[in-house]
Amino acid sequence: MSEATYHILAALLEGPLHGYGIIKRTQELSGGRVRLAVGTLYGALDRMTGDGLIAVDREETVDGRQRRYFRITDEGHRAVSQEAARMARAAEIVRGRMVARPGTAPA
């Protein structure tokens, strides 16, 4: 799973968001490390919708502009949960093998 997909799904765990809301939430969740460009976001949203990970929740017009809200599906929830577990297991492998180097504090 790509980092962008992971963070988009994580952003939608708390409820439906529109595109700009997803951009802001992913930036917040990643501590500013993940900054989705608009083109990247909408390409990912189209792909994720096609894959069944997210769905359109609703559309509304705000200031004459159409705003589409997306929600995570059960399949998306399963996928992001599995990815989080996979990353945790991978991190444990490294943590379990880390040895304090001379002159450094233990992890």
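In this text the structure is predicted, and so the values were computed from the model without any measurement. (Residues numbered from 1 in each chain as written. Predicted model: local features only at pLDDT ≥ 70, side-chain atom pairs only at ≥ 80, totals over all residues. Heavy atoms only, no water.)

Engineer: How should unusual backbone geometry be read in this particular structure?
Structural biologist: Peptide bonds are mostly trans, and most non-glycine residues show a negative phi. Non-glycine residue D63 carries a positive phi angle of around 55 degrees. Tracing the backbone shows D63 in the loop between β2 (54-62) and β3 (65-72). (Helix = DSSP H or I, 4+ residues; strand = E, 2+ residues; numbered from the N terminus.)

Engineer: So what exactly am I meant to see when it comes to the pairing of β3 here?
Structural biologist: The side chains of a regular strand alternate between the sheet's two faces. Across two bridges, strand β1 (residues 17-18) lies against β3 in antiparallel orientation. Pairing of H18 across the sheet is with Y69, part of β3. As judged from the eight bridges shared by β2 and β3, these two strands associate in the antiparallel manner. Residue pairing across strands places T61 opposite Q66, the latter belonging to β3. What sits between the antiparallel neighbours β2 and β3 is a turn of two residues, in which D63 has the positive phi angle 55 degrees. (Pairing = 2+ DSSP bridges.)

Engineer: What exactly am I supposed to notice about the sheet that holds β2 here?
Structural biologist: Where strands meet in a sheet, backbone hydrogen bonds hold them as pairs that are either parallel or antiparallel. Taken in spatial order, the three strands make up an open sheet running β1-β3-β2, and their pairing is antiparallel. Among the strands making up the open sheet, the edge pair consists of β1 and β2. Helix α1 (residues 3-12) contacts β1, β2 and β3 of the sheet and is inclined by roughly 95 degrees relative to β3. (Contact = heavy atoms within 4.5 Å. Axes fitted to C-alpha atoms, helices over the stretch in contact; angles between N-to-C directions.)

Engineer: Looking at this model, I keep getting lost on the nonpolar core. Mind explaining?
Structural biologist: Across soluble globular proteins, you tend to see nonpolar side chains buried next to one another. Residues I8, L12 and I22 are the most contacted members of the largest nonpolar core, which totals 21 residues. Of all the secondary structure elements, the ones that give two or more residues to this core are α1, α2 (19-29), α3 (38-50), β3 and α4 (74-97). Tallying contributions element by element places α1 first for this core, with six residues. Leaving out residues up to four positions away in the same chain, I8 has contacts with I22, T26, L36, L41, A44, L45 and M48. (Core = buried A, V, L, I, M, F, W, Y, C linked by side-chain atoms within 4.5 Å. Buried < 20%, exposed > 50% of the residue type's maximum accessible area, 1.4 Å probe, protein only.)

Engineer: Explanation requested: the side chain of S30 in the structure shown.
Structural biologist: Its place among the elements puts S30 in the loop between α2 and α3. Residue class for S30 comes out buried when judged on its relative accessible area of 13%. Only 2.8 Å separates the side chain of S30 from the backbone nitrogen of V34, close enough to count as a polar contact. (Polar contact = N/O pair within 3.5 Å; in protein donor to acceptor, adjacent residues only side chain to side chain.)

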